Amino acid sequence: MTLIDNNILTCPNCTKCVQTLEILSYHIFESVLFSDGKADTTPIIPNISRILICPECNKEFWKDDAEQTVDTKIDTYNIRSVLSPSDLFAVRNSEDLLGQARYYYKLLKENFANNNEKEIYLRMLLWHELNDIVRYNIPVKVTILDERELLLRDNLLHLIKIFNPSYEEEKLLLAEMYRELGEFDFAQTILEAIREQDFIGKRNELFRACNSKSVRVFKLKN
Ligand SMILES: [Zn+2]
């Protein structure tokens, strides 16, 4: 069962009230996991973006930075709903495959993510977005692939500098970042240190991908 609740937030940019839907619980029937940590689920997980766009001033803000209105008597009828970045790019065409990635990149350049934790979150979104272009094996123009490659490289080099894994699952992600950069030795050194039984299957799959010098994101079997 999916439980949804309405939340009233104050936009930190223009101080107007906006509303957002909160997903309290939902049930996932099926999940396909990829080497970069992205999971495609059935049904699709409702949007839980931490980056929101104010419908009043059209500026982005972090959900964590927005104050929540606790007044339960507030009339929500005239309060407009926030958007998330994926709403802006909901309709895709082959010319605009990089639209959302360029948007995330612009936010990074504007220092929208003003601490390491936020920057890691935003760079992870950008990483998954760039990988989506090749993830589903659809035909893509060479010019788009070239630009994707440049953005991916730049993003992963920055991400590696600030991503400090503490759990085995995060170590798998770090190894994957190095693998996608073609740094197979670094990736394998990290993978060799993974010992937890739950992650051995995934570790071996990434290890094999390094052996075959593959840099492409792939669907995990384990
Ligand atoms: Zn606003």
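Residues numbered from 1 in each chain as written. Predicted model: local features only at pLDDT ≥ 70, side-chain atom pairs only at ≥ 80, totals over all residues.

Things to note about the overall build of the chain
Thinking step 1. Along the backbone of the chain there are 7 helices and 7 strands.
Thinking step 2. Here the C-alpha coordinates of the chain stretch approximately 60 × 40 × 30 Å along the principal axes.
Thinking step 3. For the chain, contacts bridging at least 24 residues in sequence account for 59% of all contacts bridging at least 6. (Helix = DSSP H or I, 4+ residues; strand = E, 2+ residues; numbered from the N terminus. Contact = placed C-beta atoms within 7 Å.)

A look at unusual backbone geometry
Thinking step 1. Phi angles above zero are rare outside glycine, and Thr15 is one such case at about 60 degrees.
Thinking step 2. Relative to the assigned elements, Thr15 resides in the loop between β1 (3-10) and β2 (17-25).
Thinking step 3. On the neighbour-count criterion, Thr15 (10 C-beta atoms within 10 Å) is exposed.
Thinking step 4. The backbone of Asn137 sits at a positive phi, close to 55 degrees, despite the residue not being glycine.
Thinking step 5. With respect to the element layout, Asn137 can be found in the loop between α3 (116-135) and α4 (142-162).
Thinking step 6. Given 7 C-beta atoms within 10 Å, Asn137 falls into the exposed group. (Buried ≥ 20, exposed ≤ 12 C-beta atoms within 10 Å, placed from the backbone.)

Describing the domain arrangement of the chain
Thinking step 1. Structurally, the chain comprises domain 1 (3-85) and domain 2 (91-211).
Thinking step 2. The C-alpha-based centres of domain 1 and domain 2 are spaced at 24 Å.
Thinking step 3. Counting from both sides, the interface comprises 9 residues of domain 1 and, opposite them, 13 residues of domain 2.
Thinking step 4. Considering only residue class, the side of domain 1 that touches domain 2 consists of 3 nonpolar, 2 polar and 4 charged. (Domains from an automatic or database assignment. Nonpolar A, V, L, I, M, F, W, Y, C, P; charged D, E, K, R; others polar.)

Focus on helix α2 (residues 99-109)
Thinking step 1. Residues Gln100, Ala101 and Tyr104 constitute the buried set of α2. Each buried residue of α2 lies within a common arc of 105 degrees when the element is viewed along its axis, so the set occupies one face. Turned more than 90 degrees from where α2 packs its buried face, Lys106 and Lys109 sit exposed.
Thinking step 2. Looking at the buried residues of α2, the elements they touch are α1 (85-88), α3 and α4. (Arc of directions from axis to C-beta.)

What about α3?
For an α-helix the count is 3.6 residues per turn, leaving residues at separations of three or four pointing the same way.
Thinking step 1. The terminal C-alpha atoms of α3, which comprises 20 residues, lie 27 Å apart, in line with the 28 Å expected from a rise of 1.5 Å per residue.
Thinking step 2. Leu122, Arg123, Leu125, Leu126, Trp127, Glu129, Leu130, Asn131 and Asp132 are the residues of α3 that are buried. (Expected span 1.5 Å × (residues − 1).)

Quick notes on the pairing of strand β3 (residues 30-33)
Thinking step 1. Of the pairings in the sheet, the one linking β3 to strand β4 (residues 39-42) comprises 4 bridges and is antiparallel in character. The partner of Val32 across the bridge, within β4, is Asp40.
Thinking step 2. Counting the residues between successive antiparallel strands, the hairpin from β3 to β4 contains 5 residues, one of them, Gly37, with a positive phi of roughly 90 degrees. (Pairing = 2+ DSSP bridges.)

Here we look at the nonpolar core
The nonpolar side chains of soluble globular proteins are, as a tendency, buried together.
Thinking step 1. Ala101, Leu126, Leu130, Ala175, Ala187 and Leu206 are the most contacted members of the largest nonpolar core, which totals 22 residues.
Thinking step 2. Residue assignment for this core shows that the elements contributing at least two residues are α2, α3, α4, α5 (168-180), α6 (184-192) and α7 (197-211).
Thinking step 3. Here Leu130 is in contact with Ala101, Arg148, Leu151, Leu152 and Asn155, once residues within four sequence places are set aside.
Thinking step 4. Formed by 10 residues, the second largest nonpolar core is a distinct cluster that contains Leu9, Ile51, Leu52 and Phe61. (Core = buried A, V, L, I, M, F, W, Y, C linked by C-beta atoms within 7 Å.)

Brief notes about the packing of α5 against α7
For any two helices packed against each other, the geometry comes down to the angle between their axes and how far apart the axes lie.
Thinking step 1. Where α5 contacts α7, the two axes come as close as 11 Å, and the packing angle between them is 10 degrees. Relative to α7, the element α5 lies roughly parallel. The segment α5 lies against α7, with Glu168, Glu169, Leu172, Ala175, Glu176 and Arg179 engaging Phe199, Lys202, Arg203, Leu206, Ala209 and Cys210.
Thinking step 2. Tallied by class, residues from the contact of α5 with α7 come to 6 nonpolar, no polar and 6 charged. (Axes fitted to C-alpha atoms, helices over the stretch in contact; angles between N-to-C directions. Parallel < 35°, antiparallel > 145°, perpendicular 65-115°, else oblique.)

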